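Chain by chain, the residues run as shown.
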Amino acid sequence: DMALNFLRRNAGDWTDSERETLAAKVLGLIGDVRFAAVFGDSSRAEVPIVGRIERPDGTLILVSGQIDRLVITENEVLIVDFKTNLTPPLTAAEAPAAYIRQLALYCAILARLYPQRAIRTALLWTETPEFMEISASALDAALASVADGTAKLDPARARS
């Protein structure tokens, strides 16, 4: 009922059927046991993040964004970014580079806050629904491309 009420207020031009379909899809994702940790008691939604990363030449990359879901446990930190692509990639290697760079930047900032904890990142594709963990090597490569300037940062993406 809460989901449908929210959608009635925010998607008033949708049909009842469209709102019901979306509400069922979202509630199904939240209730999916595969994602229990992502929506569990130790997780937080829409966590703001701000920080700086220094490039080898001394210039700074300013990072400002919002982590969709952040799970912090005694041993690790999990950063989850929701993506709504209608046709998500089948493998992490096929994920858009901008998505991986975003996670790499967030990971670099949080690694300084939680130096004793493993940092994991994942994309949660809402259409399929699938949880795609991004490897540390892919994150390192993405961060290196930002740090050395080979990846062009859209200012909106750097802050997203």
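A brief look at the structure comes next. Values in this document were obtained by computation on a predicted structure and should not be read as measured data.

**Side note on the nonpolar core**
Next up, step 1: Of all hydrophobic cores here, the largest spans 28 residues; its most connected members are Ile67, Ile79, Leu110 and Leu123.
Next up, step 2: Those elements giving two or more residues to this core turn out to be strand S1 (43-54), strand S2 (60-72), strand S3 (76-83), helix H3 (97-113), strand S4 (118-125), strand S5 (130-134) and helix H4 (136-147).
Next up, step 3: The element contributing the most residues to this core is H3, with 10 residues.
Next up, step 4: With sequence-adjacent residues up to four places away left out, leucine 110 is seen in contact with Ile49, Ile67, Leu70, Val77, Ile79 and Ile119.
Next up, step 5: In this structure, Val38, Val71, Val80 and Leu124 belong to the second largest nonpolar core, which totals 7 residues.

**Observations concerning the pairing of S2**
Within a regular strand, side chains alternate between the sheet's two faces.
Next up, step 1: As paired elements, S1 and S2 share 11 bridges and run antiparallel to each other. Residue isoleucine 53 lies in a different strand from S2, and its bridge partner there is isoleucine 61.
Next up, step 2: Here S1 hands over to S2 after 5 residues, with glycine 58 in that stretch at a positive phi of 95°.
Next up, step 3: In this sheet, S3 lies alongside S2 in antiparallel orientation, the contact comprising 4 bridges. Note on S3: the bridge partner recorded for arginine 69 is valine 80.

**Quick look at a nonpolar patch on the surface**
Next up, step 1: Judged by side-chain polarity, Val26, Leu27 and Ile30 come together as a nonpolar surface patch covering roughly 250 Å² of accessible area.
Next up, step 2: Position of valine 26 among the secondary structure elements: in helix H2 (residues 16-31).

**Observations regarding the pattern of salt bridges**
Next up, step 1: Following the criterion strictly, the structure yields 7 salt bridges and no others.
Next up, step 2: The salt bridge partner of arginine 19 is aspartate 16, with a shortest N-O separation of 2.5 Å. Separated by 3 residues within a single helix, arginine 19 and aspartate 16 lie in helix H2, roughly one turn from each other.
Next up, step 3: Judged by relative accessible area, aspartate 16 falls into the partly exposed class, the value being 46%.
Next up, step 4: Among the ionic pairs, lysine 83 bridges to aspartate 81, the shortest N-O distance being 2.8 Å. Neither lysine 83 nor aspartate 81 differs from the other in exposure class; each is buried.
Next up, step 5: Salt bridges sharing partners connect three or more residues here, namely Asp32, Arg34 and Glu130.

**Details of the packing of helix H1 (residues 2-10) against H2**
Next up, step 1: Relative orientation of the contacting elements H1 and H2 amounts to 135°, with a least axis distance of 9 Å. In terms of axis orientation, H1 runs oblique to H2. Crossing of H1 against H2: the hand is right-handed. Along its contact with H1, which presents Ala3, Leu4, Leu7 and Arg8, the element H2 presents Arg19, Glu20, Leu22, Ala23 and Leu27.
Next up, step 2: Looking at side-chain class alone, the contact of H1 with H2 contains 6 nonpolar, no polar and 3 charged residues.

Rules behind the numbers
Residues numbered from 1 in each chain as written. Predicted model: local features only at pLDDT ≥ 70, side-chain atom pairs only at ≥ 80, totals over all residues. Heavy atoms only, no water. Core = buried A, V, L, I, M, F, W, Y, C linked by side-chain atoms within 4.5 Å. Buried < 20%, exposed > 50% of the residue type's maximum accessible area, 1.4 Å probe, protein only. Helix = DSSP H or I, 4+ residues; strand = E, 2+ residues; numbered from the N terminus. Contact = heavy atoms within 4.5 Å. Pairing = 2+ DSSP bridges. Patch = residues over 30% accessible without salt bridge, like charges linked within 9 Å, V, L, I, M, F, W, Y side chains within 5 Å. Areas by Shrake-Rupley, 256 points an atom, 1.4 Å probe, with all protein chains shown as cover. Salt bridge = Lys/Arg side-chain N within 4 Å of Asp/Glu carboxyl O. Axes fitted to C-alpha atoms, helices over the stretch in contact; angles between N-to-C directions. Parallel < 35°, antiparallel > 145°, perpendicular 65-115°, else oblique. Left-handed = near helix turned anticlockwise from the far one by under 90°. Nonpolar A, V, L, I, M, F, W, Y, C, P; charged D, E, K, R; others polar.

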